[in-house]
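Listed below are the residues making up each chain.
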Amino acid sequence: MTLHTYGTELLRRCLAGTETDSGPLTHLSVIPSRTATFADWPEWVPDEVRSAFADNGIERPWAHQVRAAEHARAGRHVAISTGTASGKSLAYQLPILTAMLNEPHPTALYLAPTKALGADQIRAVSAVTAGRAAFSHLAPCAYDGDTDTEIRHWARTHSRWIFTNPDMLHLGILTGVLARGTPTAAGPVHGQWRQFFRHLRYIVIDECHHYRGVFGSHTALVLRRLLRLARACGSDPTVIAASATVADPGAALSRLIGEPAVGVTQDCSPRGERTVALWEPDFLPGISGENGAPVRRSAGAESSRLLADFVIDGARTLSFHRSRRGVEIAALGARKLLSHSAPELVDKIAAYRAGYLADDRRRLEAAISEGDLVGVATTNALELGVDISGLDAVIIAGYPGTVASFWQQAGRAGRQRTSGDALVVLIARDDPLDTYLVHHPQALLGTPVEAPVIDPANPFILGPHLLCAATEYPLQDTEIERWGARDAVAELAAQGLLRRRAAGWYPAPGVDPHGDIDIRGGIGGQILIVDATTSELLGTVDAGRAPATVHPGAVHIHQGRTFVVDELALDDGLALAHPEEPDWTTSARETNAITITDTLSQESFGPLRTALVDVDVTHQVVGYLRTLLSGEVLDAVELDMPPQTLHTRAVMYTLDPEALEDIGVDATRLPGSLHAAEHAAIGLLPLVATCDRWDIGGLSTNLHPDTGLPTVFVYDGYLGGAGFAERGFGAFATWIAATRDAVAGCGCESGCPSCVQSPKCGNGNDPLDKAGAVATLTLIGRLLQSPD
């Protein structure tokens, strides 16, 4: 190493004794420090508000805070996207607190994707306003699924600032604004929110980058319903959105709420120096996976070692993991290592994840902030909002799926350490995208964060929300046109669910649509997961995903406890499980068949054709793999599950067989070559679309009946699509080039989980032809550049 920073020196000490100078490091770079740019308080800010912030250590605001607050004060919807610990909360607190002092009876609504983040922001507002009589009427209050009935009633009556989440807004608030009727199980008596909405002045959407895919599409329609109800009550609220990581924030907010918005992006807050390291674990000697493929040392095992080393060095560290089980294993692994090398430090490491009681979470957060805990393994529960200060290092065990999430997690390093340096280490999993990124650092470190992909026009999402909107307040033709919902309304009317009257569109008698929408996954059809030994409800899963996630034999984790599923009864909506602590994990194997129902767009490049298509995907879970925690495949178990059909959207390409034969991919090599190329493309789609590989599926065939040609499909795993296939079609050249580089650059000989093997392949990753995939993907890249 030639760099000499806090981060590089910390890594050097951890790498001491490795066979090479760099060990598993593939890249090292330094993000320089930055000084602050301040601004004066706007003239419209009351002295009482300035004094409240001054008492909390804020003498002057940063310039970006003032710019965002000025937009909101002027009634412009605004999204602020500046780095972690850049004080985005002040940008919305400033206009809201000013309105609370200067205007008659204003109210505000704060929306967060998690309850923990909402609770954190309530504490922040309470700290600013504590002990000040002028704000005694503010009464900020949580209103979510954990809020007691008595407190909910008090909040509706007295609170001027409600903190909630999209789920409760949909089920428990919008149902009770204007419509008349009887109480529902999910919400209050209709009409009890009318006063609050009549005076609604500001709506805050925190961590707005989180609203993407199906969840984002649902939330977009919930927000549009919120705005129409507020205006029906006589108010005209201004929306303020915040995120540390969203591309073109004004446009992103505009897509989310369906109205014009402006963005603030120049970050004027101070920041310490950060060293970023990319890390690829070595292959394990003597260990083989499916079909004899080599297996790398797991990202979790590497993170345990680094976490223990950093704690020994005194570096306060967060280690991010993609699952609750991964968190617990990483913390246990690090503690075990310390028990041998530094037993006095064992209690300095802990796990933190969703599922803990609120008191336990707060105790852990305080222990981290106060330095009692030096190392903490966590899920993304500590990615969003919760203020953890003064960290020296962050370990990210596996690319978190998006550039936005990577920087959210990386931003925890050095948070509020304006004079100190910090280290960020991304450890690659055995996965094509992770492998690509650690060998192509510019694709991660030099790439702007993604624009959230949403599709609120998806008819399978839009239709149910139109029913909800009509139930809340009659739909008007102007609204239907603005939402692009004419066809969806006509379909609902044809089904007898909507009826037109003089005052607008009303739901048919007996229609109660709110409970049928799961805004975080699908629409209706929920499967209850139950502990058969205690009858405890462990959670729910969308019926469409149940065969692949809670099939008999599947490992299910709930609040740190591990269960094995015994029975899945789809007709009864029930999955029964028992407690067990196996030393293996499971991954479903599925078979798919695809029928093209419509071609939306297509392009030809000589013997190559690409297209965006609507498809019917018939898929069937045929078994599952049991894989040891080391990565070694234990065995394959067969299942007999009923087939299911999903109407969705796909990006596809076809190639003429003659062009493939010219590059050596003849009929005998064609199935394995296309199959390997398909797996790799699925793994790399998250590079150009904000999705996880588990959000998408694929199919390859040497002769598809609808095209008559060798064909590869990659499709959205959601009813009606989620926008991922569109993004892949639009960025096809970039996507395929990255896929080719990832496969060609992998160090294995004939294919492994880092390039062409898939953990959910229904054919047991057979046949796979890595060399044929490289040749095919190279051909596609050449044809895209020069089709002749």
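From a predicted model like this one, the values you see are computed outputs, not experimental measurements.

Rules and cut-offs
- Residues numbered from 1 in each chain as written.
- Predicted model: local features only at pLDDT ≥ 70, side-chain atom pairs only at ≥ 80, totals over all residues.
- Heavy atoms only, no water.
- Helix = DSSP H or I, 4+ residues; strand = E, 2+ residues; numbered from the N terminus.
- Rg over C-alpha atoms; globule rule 2.2 N^0.38 Å.
- Buried < 20%, exposed > 50% of the residue type's maximum accessible area, 1.4 Å probe, protein only.
- Contact = heavy atoms within 4.5 Å.
- Areas by Shrake-Rupley, 256 points an atom, 1.4 Å probe, with all protein chains shown as cover.
- Lys, Arg positive; Asp, Glu negative; His and termini not counted.
- Charge placed at Lys NZ, Arg CZ, Asp CG, Glu CD.
- Salt bridge = Lys/Arg side-chain N within 4 Å of Asp/Glu carboxyl O.
- Core = buried A, V, L, I, M, F, W, Y, C linked by side-chain atoms within 4.5 Å.
- Pairing = 2+ DSSP bridges.
- Axes fitted to C-alpha atoms, helices over the stretch in contact; angles between N-to-C directions.
- Parallel < 35°, antiparallel > 145°, perpendicular 65-115°, else oblique.
- Polar contact = N/O pair within 3.5 Å; in protein donor to acceptor, adjacent residues only side chain to side chain.
- Expected span 1.5 Å × (residues − 1).
- Phe/Tyr/Trp six-rings, centres within 6.5 Å; stacked < 30°, edge-to-face > 60°.
- Lys NZ or Arg CZ within 6 Å of the ring centre and 35° of its normal.
- Disulfide = S-S within 2.5 Å.
- pLDDT = per-residue confidence, 0-100.
- Patch = residues over 30% accessible without salt bridge, like charges linked within 9 Å, V, L, I, M, F, W, Y side chains within 5 Å.
- Nonpolar A, V, L, I, M, F, W, Y, C, P; charged D, E, K, R; others polar.

I keep staring at the overall build of the protein chain and nothing clicks. Help me out?
Scanning the protein chain from N- to C-terminus turns up 25 helices and 29 strands. By the compact-globule yardstick of 28 Å for 788 residues, the protein chain fits well, its C-alpha radius of gyration being 27 Å. Along the longest, intermediate and shortest principal axes, the C-alpha atoms of the protein chain span 75 × 70 × 60 Å. Residues classed as buried in the protein chain amount to 56% of the 788 residues present. Within the protein chain, contacts between residues at least 6 apart in sequence are counted, and of these 72% link residues at least 24 apart. A total of about 30,300 Å² of accessible surface is found on the protein chain, and carbon and sulfur atoms cover 50% of it. Taking the average location of the 64 positive side-chain charges in the protein chain and that of its 91 negative ones, the two points are 7 Å from each other.

Explain the pattern of salt bridges here, please?
Within this structure, the stated rule accounts for 25 salt bridges. Ionic pairing is found between Asp313 and Arg13, a salt bridge with its closest N-O pair at 2.7 Å. Residue Asp313 is found in the loop between α11 (299–312) and β12 (317–320), and its partner Arg13 is found in helix α1 (residues 6–15); the two are separated by 300 residues along the sequence. Under the relative-accessibility criterion, Asp313 is labelled partly exposed at 33%. With relative accessibility at 38%, the residue Arg13 sits in the partly exposed group. One salt-bridge network, in which partners are shared between bridges, spans Glu48, Asp55 and Arg132.

Help me out: how do you make sense of the environment of Leu445 in this one?
Assignment of secondary structure puts Leu445 in helix α16 (residues 442–445). It is 9.6 Å that separates the C-alpha atoms of Leu445 and Phe406, two residues lying 39 residues apart in sequence. If near-sequence neighbours (up to four positions away) are discounted, Leu445 is found in contact with His27, Ser29, Val276, Phe406 and Trp407.

Hey, could you run me through the nonpolar core in this one?
When a protein is soluble and globular, its nonpolar side chains tend to lie buried together. By size, the foremost hydrophobic cluster in this structure holds 103 residues, and its most contacted members are Phe406, Leu466, Tyr653, Leu685, Phe724 and Trp735. When residues of this core are assigned to their parent elements, the largest contribution, eight residues, is made by helix α22 (residues 670–684). Apart from residues no more than four positions distant in its own chain, Phe724 is found in contact with Gly213, Val453, Leu685, Ala689, Thr690, Cys691, Asp695, Ile696, Asp716 and Tyr718. Ranked by size, the runner-up nonpolar core spans 41 residues in total, among them Cys141, Tyr143, Leu227 and Cys468.

Just checking my understanding: could you explain the sheet that holds strand β4 (residues 141–142) for this structure?
The strands that make up a sheet are held in pairs by hydrogen bonds between backbone atoms, and each pair lies either parallel or antiparallel. Pairing in this open sheet of seven strands is parallel, and the strands run β4-β5-β3-β6-β7-β2-β8 from one edge to the other. The open sheet terminates on both sides in strands that have one partner only, identified here as β4 and β8 (262–264). Where strand β2 (residues 78–81) and β8 come together, three bridges link them in parallel fashion. Across the sheet, Val78 pairs through a bridge with Val262, a residue of β8.

Explanation requested: the packing of helix α9 (residues 213–232) against helix α10 (residues 249–257) in the structure shown.
A packed helix pair is summarised by two numbers, namely the angle formed by the two axes and the spacing between the axes. Contact geometry of α9 with α10 gives a least axis separation of 7 Å together with a crossing angle of 70°. Considering their axes alone, α9 and α10 lie roughly perpendicular with respect to each other. Residues Gly216, Ala220, Leu223, Arg224 and Leu227 of α9 touch α10, and the partners they reach there are Arg255, Leu256 and Ile257.

How should I be thinking about the side chain of Asp716 in this particular structure?
Its location among the elements puts Asp716 in strand β29 (residues 711–716). One buried charge, Asp716, has no salt-bridge partner; the nearest side chain with opposite charge is Arg649, at 6.8 Å. In this structure the side chain of Asp716 is engaged in a polar contact, spanning 3.1 Å, whose partner is the backbone nitrogen of Gly723. Those residues within four positions of Asp716 in sequence are excluded, and the remaining contacts are Leu646, Thr648, Arg649, Asp695, Ile696, Gly721, Ala722, Gly723, Phe724, Ala725 and Glu726.

Before we go on, may I ask you to explain helix α5 (residues 115–129) in this structure?
Three- or four-residue spacings in an α-helix give side chains the same orientation, since the helix completes a turn every 3.6 residues. Here α5 is 15 residues long and its end C-alpha atoms lie 21 Å apart, about the 21 Å a rise of 1.5 Å per residue gives. Regarding α5, the residues found buried are Ala116, Leu117, Gly118, Asp120, Gln121, Ile122, Val125, Val128 and Thr129. Sitting at the amino-terminal end of α5 is Thr114, which places a side-chain oxygen 3.3 Å from the backbone nitrogen of Leu117. At the C-terminal side of α5, Gly131 shows a positive phi close to 75°.

Explain the packing of aromatic side chains here, please?
This model, assessed by the stated rule, comprises 11 aromatic pairs. With centroids separated by 4.9 Å and ring planes inclined at 80°, the aromatic side chains of Tyr143 and Trp193 adopt a geometry described as edge-to-face. Of this pair, Tyr143 sits in the loop between β4 and α6 (149–158) while Trp193 sits in the loop between α7 (166–173) and α8 (194–198); the two residues are 50 residues apart in sequence, bridging distant segments of the chain. Of the two residues, Tyr143 and Trp193, both sit in the buried class. Their ring planes at 90° and their centres at 5.5 Å tell us that Trp193 and Phe196 sit as a pair that is edge-to-face. A relative accessible area of 0% places Trp193 in the buried class. Connected via pairs of aromatic rings, a cluster forms that spans Tyr92, Tyr110, Trp161 and Phe163. The ring of Tyr143 carries Arg152 above its face, with NZ or CZ at 5.6 Å from the centroid. One cation-aromatic arrangement involves Arg296 over Phe283; the distance from NZ or CZ to the ring centre is 4.0 Å.

Can you walk me through the environment of Gln495 in this structure?
Here Gln495 is to be found in the loop between α19 (486–494) and β17 (498–501). Given a relative accessible area of 46%, Gln495 falls into the partly exposed group.

Can you help me understand the state of the cysteines in this one?
Covalent bonding between the sulfur atoms of two cysteines defines a disulfide. Counted by the stated rule, this structure contains zero disulfides. Left without a disulfide partner, Cys268 is nearest to the cysteine sulfur of Cys208, which lies 19 Å away. The buried category is assigned to Cys268, whose relative accessible area is 4%. Just so you know, Cys746 is unpaired, no disulfide at all, and the nearest cysteine sulfur is the one on Cys752, 3.6 Å from it. By relative accessible area, Cys746 is classed as buried at 6%.

I'm lost on unusual backbone geometry in this one. Help?
What is expected of a backbone is that most residues other than glycine have negative phi and most peptide bonds are trans. Here Asp766 and Pro767 are connected by a cis peptide whose omega angle stands at 0°. Take Pro767: it is sitting in the loop between α24 (732–745) and α25 (770–785). In this structure, His105 takes a positive phi of about 60° despite not being glycine. For His105, the location among the structural elements is in the loop between α4 (88–102) and β3 (107–111). Owing to a relative accessible area of 52%, His105 belongs among the exposed residues under this scheme. Here the phi dihedral of Glu207 falls at roughly 50°; this positive angle occurs in a residue that is not glycine. Inspection of the secondary structure puts Glu207 in the loop between β6 (200–206) and α9.

Can you walk me through the confidence of the model for the protein chain in this structure?
Low-confidence regions, as indicated by low pLDDT, have predicted coordinates that should not be scrutinised in detail. Mean pLDDT over the protein chain: 89, with 94% of residues reaching 70 or higher. Every residue in residues 181–189 is under pLDDT 50, and counting partners more than four places away or in other chains gives 16 contacts.

Please clarify how a negative patch on the surface should be interpreted in this entry.
Side chains of Asp566, Glu567, Asp571, Asp572, Glu580 and Glu581 sit close together on the surface and give a patch of like negative charge. Checked against the element boundaries, Glu580 lands in the loop between β23 (574–579) and β24 (584–605). Residue class for Glu580 comes out partly exposed when judged on its relative accessible area of 32%.

Hey, could you run me through the packing of α22 against α25 in this one?
Contact geometry of α22 with α25 gives a least axis separation of 7 Å together with a crossing angle of 70°. The orientation of α22 relative to α25 falls into the category roughly perpendicular. Within the contact between the two elements, α22 uses Ser673, Leu674, Ala676 and Ala677 and α25 uses Gly772, Ala773, Thr776 and Leu777. When grouped by side-chain class, the residues that make up the contact of α22 with α25 number five nonpolar, three polar and no charged.

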